[in-house]
Amino acid sequence: MSLFSAVADFLKPSPPPDPAVREALERAAELIDPMLRAAVADFDDALSAPITHALNYCDGLVAALPGPLDVNRQAFATDPLVHALFATADDIRQMLGRSEAVRDFLAGPDARENEQFFVMLAARRMQRQQLALAEQGGIIRSEVPQTVVYFSGQTLIEPSCQLDEMRQRLRRKALESLLLSFQSHVQALREEREGLRAELSAGRAQQKALQGNAECGVRTRHLVELDRTLRDKAESLMPEQLVAALADHLRAPESALFLTPASVTVDRMGVVQAQANDDDVFTLDFPELTARDRRQYLTTLARISREEALEAVAMVRDEQRRFMII
């Protein structure tokens, strides 16, 4: 390659980011600060590579989700994980009927053309301690300590007729979770800055009142330290600093959003067992997702019957109407 060609290639403008990256850049600016993109000239160039990295990470995260798992009354009787996720088969119907995401999806045109749809199911693993009858060494004993595992807060996310389309939506949702984590960090910095400003203003007023007092020197040193801290916080909230911090955050997405493998061995009543030694004891393996609120959620892809979902929505609406009449 000639020197002229090399220089010409160097001076060429960077190619525009692909649509997914462009959409993510716009969403980042919208969530963090709508003025950020205008304030930082190289906003797109600075964040394109980190956002691409984060999107690839989110792709891997979604690809690692198990399923799709059939979730229905029959599966409650035959699938150990579905049985563990719900206290009764009727709870599946209640979850479907009360899900706003499912109701909105069923009201759309796409749902009418398919007998089933896909969705991400999330639930929190809980446990409680109890004393109960149990067999130990061939002897039935009373008040034996037991740990019971159960799940709560079952939530359905991003229903779609096409599995690949749902995965794409989940990837966008995962990236949004990363952006919202950074938004929370920025909001905390801003609140801390405002608190420091108020404290510094109050401190200066008190210093004037203590003028000439022996305590004035101590107060002055404290105010100098407060002022230095405030300047540091204000500096970190400058547009260029925010973009640099966001880029670092997107380069390390695993610190804010990740899956952890989990395994628990339980009987059909949810009582934790040491090992799966008979047909009524199962070892459940599933991933738990840790996101913005730092709580862990069992996550799996699920397959739902459209007809069962419609029946569940109608049943819950009927229950709500009866409750209002009563």
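Residues numbered from 1 in each chain as written. Predicted model: local features only at pLDDT ≥ 70, side-chain atom pairs only at ≥ 80, totals over all residues. Heavy atoms only, no water.

Once that is clear, we can look at the pattern of salt bridges. For the structure on display, the rule yields 20 salt bridges. Residues Asp-59 and Arg-171 are paired through a salt bridge, measuring 3.0 Å at the closest nitrogen-oxygen approach. Pair noted here: Asp-59 is in helix α4 (residues 43–63) and Arg-171 is in helix α9 (residues 163–209), with a separation of 112 residues, a long-range link. Relative accessible area serves as the criterion here: at 12%, Arg-171 is assigned to the buried category. The partner of Arg-193 in a salt bridge is Glu-194, with the nearest N and O atoms 3.3 Å apart. Beyond isolated ion pairs, a larger network of salt bridges with shared partners links Arg-27, Glu-30 and Glu-176. (Salt bridge = Lys/Arg side-chain N within 4 Å of Asp/Glu carboxyl O. Helix = DSSP H or I, 4+ residues; strand = E, 2+ residues; numbered from the N terminus. Buried < 20%, exposed > 50% of the residue type's maximum accessible area, 1.4 Å probe, protein only.)

Among the nonpolar cores identified, the biggest contains 35 residues, and Val-71, Leu-85, Phe-86, Leu-106, Phe-286 and Ile-304 are the most heavily contacted of them. If we ignore the near neighbours within four places in the chain, the residues touching Ile-304 are Val-71, Leu-96, Glu-115, Gln-116, Phe-117, Val-119 and Ala-309. Counting 34 residues, the second-largest nonpolar core is a separate cluster that includes Leu-25, Leu-246, Leu-257 and Leu-289. (Core = buried A, V, L, I, M, F, W, Y, C linked by side-chain atoms within 4.5 Å. Contact = heavy atoms within 4.5 Å.)

Let's shift gears to the side chain of His-249. With respect to the secondary-structure elements, His-249 resides in helix α11 (residues 239–251). Overall, the relative accessible area of 16% leaves His-249 in the buried class. A distance of 2.9 Å separates the side chain of His-249 from the backbone oxygen of Leu-178, its partner in a polar contact. (Polar contact = N/O pair within 3.5 Å; in protein donor to acceptor, adjacent residues only side chain to side chain.)

Summing up the model confidence of the protein chain, the mean pLDDT is 87 and the portion of residues at 70 or higher is 90%. Looking at the elements of the protein chain, mean pLDDT is at its lowest for helix α1 (residues 3–11), recorded as 49, and at its highest for strand β6 (residues 296–305), recorded as 97. (pLDDT = per-residue confidence, 0-100.)

Here we come to the pairing of β6. With 7 of 10 residues buried, β6 lies mostly within the body of the structure. Both strand β1 (residues 69–70) and β6 contribute to a ladder of 2 bridges, which runs parallel. Note on β6: the bridge partner recorded for Leu-69 is Ala-302. Pairing geometry for strand β5 (residues 281–290) and β6, over 3 bridges, is antiparallel. When the bridges of β6 are listed, Glu-288 appears paired with Leu-298. Taken together, β5 and the strand that follows it, β6, pair antiparallel across an intervening segment of 5 residues, in which Arg-294 is found at a positive phi of about 70°. (Pairing = 2+ DSSP bridges.)

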